[in-house]
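Results of the structural survey
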Amino acid sequence: MIDINLIRSNPDAVKASLKKKECDVDFSELLSWDAERRALISDVESLKARKNKVSADIPRLKKEGKPVDAIFDEMRKIGEEISEDDKKIDDLQEKIFNFVACLPNLPDDDLVAGGKENNAVQKVIGKMPEFDFAPKNHVDLCTSLNLIDYERGVKLSGGGFWMYRGVGARLEWALLNFFISEHLKDGYEFILPPLQLGYNCGFGAGQFPKFSDEVYWLDVDEDRKKNRFMLPTAETALVNIYSGEIIDESKLPMKMFAYTPCFRKEAGSYRSEERGMIRGHQFNKVEMVQYTHPDHSDEAFEELVNKASGLVEKLGLYHRISKLAAGDCSASMARTTDIEVWIPSMGIFKEVSSVSNARDYQARRNNTRFRDAATGKTRFVHTLNGSGLATSRILPALVEQYQNADGSVTVLLDFADSQSYLLEEYDGEMDEMIPTVKKPTFLPEKFTLDTLPENMLTLDRAMVSKDGGEYSEERPIERIRDNLFSERFAGVLSLKFPFAVKDVPGTLYAVAEPLKYRSVKVNGKEAHFTDGWRFDRSFRMIDLSELVREGDNEIEFTLDYFQSEHVYDCLLYTSDAADELDGV
């Protein structure tokens, strides 16, 4: 919702800004209502002051024996006048509120005017797939490979619905698991919200009242404001979680994501090429949302854009990033950047993620604020959202971009059992799925590999310090686990592994589970996890080359645990070993 003070102080500037969104608005009636409301408020305040003054005189007049009947008559008339004016104020306030509530958000100053014809491609990532055969569209591919059953999806629910089968269902679930695991690694909170929402959520997100006919309503109550509707996107729920609350500034930014099915009417005609999964009434999506301090809103936006594009890039898909013109941004958003994936059969890019910044538009509607530590005053937060990602266009892009001449599809899957599989020339038979790599073996008794020199065989022993205490004697890892982890452990654990760094062949790496730690330090230096290979769903790599020196005779790990049952989840490997495990 736009600040009424901004419209009141500079209506021409607001009008010009909304014009960029192709919204032509006349504020004359609104400003007239506002002026009348403010005048009435001033009159009521004067009447109340008069009433209070006269009321204070009544006891004195009675004591002096003077008549007070005329004063009571005046008081009654003033009360009636105040009541009438209050009703007029309420009526005007409702008119003003309804007018402003239907206005779209103001676009950021740097956005160009107009619709999608003025969108600007900012970056193209990857290489356009080239085929030496006539490529198929995703509908034919998914049907022939028995991944999607379109016919029976329509039988169950009508047009705009489909049904995943077998490996298709597993591929869909693998994509969702991949998105979820990536967001968890980045420290986002996982939310599973209700799929039925109240009217207040649609209003707070800026979708109601203007777009209230575009969602599926339930028959809970004839009055829509008392009714519920099916969630069209998790954004509608997530941006309303803290409605009416004042958030502690120290908690900002608040980063979260949700997985939900999404339900949309998608009113209007379908273009002929938008068949299959490109456009439908129900689809799966992972949505990212941030609540931020206004001063850090722009950097949060860039983070979300990079996250969304990064997911598509990790899938190896040819895509681009486009900055939307003001008129192509949704009504609630001040700016939007689209991540668009290439669909070969259509010969065009299709949006798979819209990353948007609502500034304080949504927070004003649902009254979500924070208390500014510097001033002690409350301010509206900024809310941002972005798909991370929706599968209904990712899956078509995957099968089309990775199709082979014989009608098979090559897709890398990461299933819930943590095994990686390659669908090589998949033709609908499960036995075509083969592991791409050998899963490495954990060696808790001795952290050794054949490639390591003899003097590294002592890595099954360590000096131990718990919560900053003195280091105890060197003990075997199994004893460390038995002695320190009879219950789940949270706190700081330090381990010293004695060995000569100079004798290590190649680069030394550590592999650990980043979600267990608040921080990891190596020889007193902050360690950072890379985006490199991992041999389990939750393990990532630390390159120790910048953290240890050739003359070091020990490596000290300081692990600040959130909670853990294991101490030997920080493993050491050399680059020789990493080469063997590359690609996992």
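Let me begin by describing the structure that accompanies this report.

As a further point, take the overall build of the protein. When its secondary structure is counted, the protein shows 14 helices and 27 strands. The burial tally for the protein puts 50% of its 584 residues in the buried class. Looking at the protein alone, contacts between residues at least 24 apart form 71% of all its contacts between residues at least 6 apart.

Position of Lys-285 among the secondary structure elements: in strand S9 (residues 282-292). A polar contact is formed between the side chain of Lys-285 and the side chain of Thr-233, at a distance of 2.7 Å. Side chain to side chain, Lys-285 and Glu-287 meet in a polar contact 2.5 Å long. The residues contacting Lys-285, other than those within four sequence positions of it, are Thr-233, Ala-234, Ala-258, Tyr-259, Thr-260, Cys-262, Arg-264, Ser-387, Leu-389 and Ala-390.

The next subject is the pairing of S9. Counting buried residues along S9, ten of its eleven residues qualify, which places the element largely inside the surrounding structure. Alignment of strand S8 (residues 254-263) against S9, held across ten bridges, turns out to be antiparallel. Paired with Met-254 across the strands is Tyr-291, a residue of S9. Bridging between S9 and strand S15 (residues 382-390) involves seven bridges; their strand directions are antiparallel. Bridging across to S15, Lys-285 finds its partner in Ala-390.

Scanning all chains against the criterion turns up 30 salt bridges. One salt bridge connects Arg-320 with Glu-340, and the closest N-O pair in it is separated by 2.5 Å. Taken together, the residues span a long stretch of sequence, with Arg-320 in strand S10 (residues 319-323) and Glu-340 in strand S11 (residues 335-343) at a distance of 20 residues. On the basis of relative accessible area, Glu-340 is assigned to the buried category, the value being 9%. Several salt bridges converge on common partners, so that one network encompasses Asp-108, Asp-110, Asp-298, Lys-323, Arg-335 and Arg-359.

Taken in spatial order, the three strands of this open sheet run S7-S13-S14, and their pairing is mixed. Of all the strands in the sheet, just strand S7 (246-248) and strand S14 (378-380) have a single pairing partner and so form its edges. For this sheet, the mean angle separating the axes of adjacent strands, direction not counted, is 40 degrees. For strand S13 (residues 369-371) and S14, the ladder comprises three bridges, and the chain directions are antiparallel. Among the inter-strand pairings, Arg-369 is bridged to a residue of S14, identified as Phe-380.

Checked against the element boundaries, Phe-301 lands in helix H10 (residues 297-314). Looking at Phe-301, the relative accessible area reads 3%, which means it is buried. Linking Phe-301 and Val-355, residues 54 residues apart in sequence, is a C-alpha distance of 7.4 Å. Beyond its immediate chain neighbours, meaning those up to four positions away, Phe-301 contacts Arg-335, Thr-336, Thr-337, Val-355, Ser-356, Asn-357 and Leu-384.

Quick look at the packing of helix H7 (residues 166-185) against H10 now. Packing of H7 against H10 brings their axes to within 11 Å, and their N-to-C directions diverge by 130 degrees. What the angle tells us is that H7 and H10 run oblique. Read as a crossing pair, H7 and H10 show a hand that is right-handed. Here Phe-178, Phe-179, Glu-182 and His-183 of H7 come into contact with H10, specifically with Lys-307, Leu-311 and Lys-314. Residue classes in the contact of H7 with H10 are distributed as three nonpolar, one polar and three charged.

Below, the discussion takes up the packing of aromatic side chains. Per the counting criterion, the structure on display carries 16 aromatic pairs. Relative to Phe-203, the ring of Phe-97 has its centre 5.6 Å away and its plane inclined at 25 degrees; by these criteria the two rings are stacked. On the criterion of sequence distance, the pair formed by Phe-97 in helix H4 (residues 69-101) and Phe-203 in helix H8 (residues 199-204) is long-range, its members being 106 residues apart. Given the relative accessible area of 38%, Phe-97 is considered partly exposed. On the basis of relative accessible area, Phe-203 is assigned to the buried category, the value being 13%. Among the aromatic residues, ring-to-ring pairing joins Tyr-199, Phe-208, Trp-217 and Phe-229 into one connected group. Directly above the aromatic system of Tyr-188 lies the positively charged group of Lys-307, at a separation of 4.6 Å from the ring centroid. It is Arg-365 that lies over the ring of Phe-203; its NZ or CZ is 4.2 Å from the centre.

Let us look at the packing of helix H3 (residues 28-63) against H4. For the pair H3 and H4, interaxial distance at closest approach is 9 Å and the crossing angle is 155 degrees. Accordingly, the angle class assigned to the pair H3 and H4 is roughly antiparallel. Viewed along their axes, H3 and H4 form a crossing whose handedness is left-handed. A per-class count over the contact of H3 with H4 returns 19 nonpolar, three polar and 14 charged.

Below, the discussion takes up empty space enclosed by the protein. In this structure the tally under the stated criterion is two cavities of 30 Å³ or more. Size it by volume and the largest cavity reaches roughly 70 Å³. Lining the largest cavity are Ala-101, Cys-102, Leu-103, Pro-104, Gly-206, Gln-207, Phe-208, Pro-209, Lys-210, Phe-211, Ala-331 and Tyr-361. Grouping the constituent residues of the lining of the largest cavity by class yields nine nonpolar, two polar and one charged.

Thresholds, definitions, all that
- Residues numbered from 1 in each chain as written.
- Predicted model: local features only at pLDDT ≥ 70, side-chain atom pairs only at ≥ 80, totals over all residues.
- Heavy atoms only, no water.
- Helix = DSSP H or I, 4+ residues; strand = E, 2+ residues; numbered from the N terminus.
- Buried < 20%, exposed > 50% of the residue type's maximum accessible area, 1.4 Å probe, protein only.
- Contact = heavy atoms within 4.5 Å.
- Polar contact = N/O pair within 3.5 Å; in protein donor to acceptor, adjacent residues only side chain to side chain.
- Pairing = 2+ DSSP bridges.
- Salt bridge = Lys/Arg side-chain N within 4 Å of Asp/Glu carboxyl O.
- Axes fitted to C-alpha atoms, helices over the stretch in contact; angles between N-to-C directions.
- Parallel < 35°, antiparallel > 145°, perpendicular 65-115°, else oblique.
- Left-handed = near helix turned anticlockwise from the far one by under 90°.
- Nonpolar A, V, L, I, M, F, W, Y, C, P; charged D, E, K, R; others polar.
- Phe/Tyr/Trp six-rings, centres within 6.5 Å; stacked < 30°, edge-to-face > 60°.
- Lys NZ or Arg CZ within 6 Å of the ring centre and 35° of its normal.
- 1 Å grid on protein atoms, 1.4 Å probe; cavity = no way out; pocket = protein on both sides within 12 Å on 5 of 7 lines; lining within 4 Å.
- Points joined across faces, edges and corners; volume = space filled by probe spheres on them.

Spatial relationships are all this shows, so hold off on functional conclusions.
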